[in-house]
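Remarks on the overall topology
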Amino acid sequence: MKVWLDGHLVDKQHAVVPVYDHGLLYGDGVFEGIRVYNGRIFKLKSHLDRLEASAHAIHLTMHYTRREIEQAVRETVSANGLKDAYIRLVVTRGPGPLGLNPFTCPKPTTIVIVDRIQLYPTELYENGMPVIVAKRPRIPVECLDPSVKSLNYLNNILAKVEAHEAGVHEAIMLNTDGEVAECTGDNIFFIRGGRVVTPPVTAGILNGVTRLFVMNDIAPFCGVAVEERSMRLEDLFTADEVFLTGTAAEIIGVSSIDGEVIGEGKVGPITSKLIAEFKSRVASQAPED
Ligand code: PMP
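Remember, it's a predicted structure, so these values are computed and weren't measured experimentally.

**Regarding the site of the ligand**
- Near the ligand you find 18 residues, and of these Tyr153, Glu182, Val209, Thr210 and Thr247 are the closest.
- At 3.3 Å, a side-chain N or O of Lys149 approaches an oxygen atom of the ligand.
- When the ligand sits alone it has 390 Å² of accessible area, and the protein chains cover 94% of it.
- Judged by the fraction of its atoms near the pocket grid, the ligand is located in the largest pocket.
- Within the residue set of the shell around the ligand, elements represented by two or more residues are strand S9 (180-183), helix H6 (209-221) and strand S13 (241-246).
- Grouping the constituent residues of the shell around the ligand by class yields four nonpolar, nine polar and five charged.

**Observations regarding the packing of H6 against helix H8 (residues 269-285)**
- With their axes 10 Å apart at the nearest point, H6 and H8 run at an angle of 105 degrees to one another. Relative to H8, the element H6 lies roughly perpendicular. Listed contacts from H8 to Thr210, Phe213, Asp217, Ile218, Ala219 and Phe221 of H6 are Leu274, Glu277, Phe278 and Arg281.
- Along the lines of polarity and charge, the residues of the contact of H6 with H8 split into six nonpolar, one polar and three charged.

**A closer look at the nonpolar core**
- By size, the foremost hydrophobic cluster in this structure holds 24 residues, and its most contacted members are Ile41, Val73, Ile87, Leu89, Val112 and Val114.
- If you list the elements that add at least two residues to this core, you get strand S3 (29-37), helix H2 (44-57), helix H3 (66-80), strand S5 (85-92) and strand S6 (109-115).
- Each residue touching Val112, except ones within four places of it in the same chain, is listed here: Val3, Trp4, Ala72, Val73, Thr76, Ile87, Arg88 and Leu89.

**Remarks on the environment of Leu174**
- Counting through the fold element by element, Leu174 comes out in strand S8 (residues 170-174).
- When near neighbours in sequence (up to four residues on either side) are disregarded, Leu174 contacts Val133, Pro137, Arg138, Glu179, Val180, Ala181 and Leu233.

**A closer look at the domain arrangement of the chain**
- Domain annotation of the chain identifies domain 1 (2-115) and domain 2 (122-285).
- Between the C-alpha centres of domain 1 and domain 2 there is a distance of 26 Å.
- Contact with domain 1, which involves 25 residues of that partner, is made by 20 residues of domain 2.
- Where domain 1 abuts domain 2, roughly 1800 Å² becomes buried across the two surfaces, and 63% of that area is made up of carbon and sulfur atoms.
- Looking at the side of domain 1 facing domain 2, the largest losses of area belong to Phe31, Tyr37 and Arg50, adding up to 33% of the total buried there.
- One can count one salt bridge joining domain 1 with domain 2.
- Note that Glu250 and Arg35 form a salt bridge whose closest N and O atoms lie 4.0 Å from each other.
- Taken together, domain 1 and domain 2 are joined by 10 residue pairs in polar contact (both at pLDDT 80 or more).
- Taken together, the elements giving at least two residues each to the side of domain 1 that touches domain 2 come down to helix H1 (22-26), S3, H2 and S5.
- Take the side of domain 1 that touches domain 2: its biggest share by element is eight residues, from S3.
- Grouping the amino acids of the side of domain 1 that touches domain 2 by side-chain chemistry returns 10 nonpolar, nine polar and six charged.

**Some thoughts on the pattern of salt bridges**
- Throughout the structure, instances matching the rule amount to 16 salt bridges.
- For Glu32, the salt bridge is made with Arg50, and the minimal N-O distance between the two is 2.8 Å. One end of the pair, Glu32, is in strand S3; the other, Arg50, is in helix H2, with 18 residues separating them in the sequence. With respect to burial, Glu32 and Arg50 carry one shared label: buried.

**Topic: the environment of Thr109**
- Inspection of the secondary structure assignment puts Thr109 in strand S6.
- Given a relative accessible area of 3%, Thr109 falls into the buried group.
- Between the C-alpha atoms of Thr109 and Gly29, which are 80 residues apart in sequence, the distance is 9.0 Å.
- In terms of polar contacts, Thr109 uses its side chain to reach the side chain of Asp21, at 2.6 Å.

**Description of H6**
- Helix length check: H6, at 13 residues, gives a terminal C-alpha distance of 17 Å against a target of 18 Å (1.5 Å per residue), a fit within 8%.
- When the local axis directions of H6 are compared, the greatest deviation, roughly 40 degrees, occurs at Met215.
- Regarding H6, the residues found buried are Val209, Thr210, Arg211, Phe213, Val214, Met215, Ile218 and Ala219.
- Directly after H6, the chain includes Gly223, whose backbone phi takes a positive value near 80 degrees.

**Comments concerning the pairing of S6**
- Burial analysis of S6 places five of its seven residues in the buried class, which makes it a mostly covered element.
- Examined bridge by bridge, strand S1 (residues 2-5) and S6 share two bridges and lie antiparallel to one another. Of the residues in S6, the one forming a bridge with Trp4 is Val112.

Conventions used here
Residues numbered from 1 in each chain as written. Predicted model: local features only at pLDDT ≥ 70, side-chain atom pairs only at ≥ 80, totals over all residues. Heavy atoms only, no water. Near = heavy atom within 4 Å. Polar contact = N/O pair within 3.5 Å; in protein donor to acceptor, adjacent residues only side chain to side chain. Areas by Shrake-Rupley, 256 points an atom, 1.4 Å probe, with all protein chains shown as cover. 1 Å grid on protein atoms, 1.4 Å probe; cavity = no way out; pocket = protein on both sides within 12 Å on 5 of 7 lines; lining within 4 Å. Sits in = over half its atoms within 2 Å of the grid points. Helix = DSSP H or I, 4+ residues; strand = E, 2+ residues; numbered from the N terminus. Nonpolar A, V, L, I, M, F, W, Y, C, P; charged D, E, K, R; others polar. Axes fitted to C-alpha atoms, helices over the stretch in contact; angles between N-to-C directions. Parallel < 35°, antiparallel > 145°, perpendicular 65-115°, else oblique. Contact = heavy atoms within 4.5 Å. Core = buried A, V, L, I, M, F, W, Y, C linked by side-chain atoms within 4.5 Å. Buried < 20%, exposed > 50% of the residue type's maximum accessible area, 1.4 Å probe, protein only. Domains from an automatic or database assignment. Buried area = accessible area lost by both parts, 1.4 Å probe. Salt bridge = Lys/Arg side-chain N within 4 Å of Asp/Glu carboxyl O. Expected span 1.5 Å × (residues − 1). Bend = angle between axes of the 7 residues up to and from the residue. Pairing = 2+ DSSP bridges.

And the structure:
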């Protein structure tokens, strides 16, 4: 595997960053996870927009222009010869002296990794995935806005540990007002009476690229309306269907929450329709915008 590191393609084992990089020392940086489908970089524009917004939110001035980053991404994809892949684009604060001050770091580190990813076992895509509700709430917007995709993922990682301890792969996270926010690495939707509902960004979530694709493209095409509104756990427990979306996860149905069966306890009919449409769109001409 070749990794793009600050302007050079290097072998994976030589792709190393200094231990004084504030990305490592403090989780100071931003990133994106992007899919490649049949050679096309799915929603690259949306991911670059979000990367720029995240960088801006943490007062990080990128070293490369948007055009240079786009070229780096394309170059790394072709250097690795993968038609279907997962891209990890990372911009850290860069190396600097010890101490939190980000303005002591003269040059951000820019990394493009291209690899394969299988987030959840195939069987769960077919039969639905059991999840739990994490006890730990999502970080409040006023502390560190979850819409910023920063390298600070410990809030999510510790909720993932709760999922792991419960023997499942994913956990639903509530915000500090007790509303449903999202999962550790996926956005969440429920369906009742044919209507699809997802929490608004103000609930304290990452505004997922897959979430927006489902809301604005896939669901309307399938004839189902999506409403953004705040939701509580009761909405999920009484839903006909619940599904999650994410770049790595794609679309996956939820079969149970905390052991309580959701709907029929399998991937519901509307979720199945959305999955089929999603798959066919990305397989043929995945949109890059
Ligand atoms: N929420 C969180 C916390 C995430 O990390 C992610 C990305 N893995 C998502 C939602 C889904 O966002 P996207 O569809 O842009 O991958």
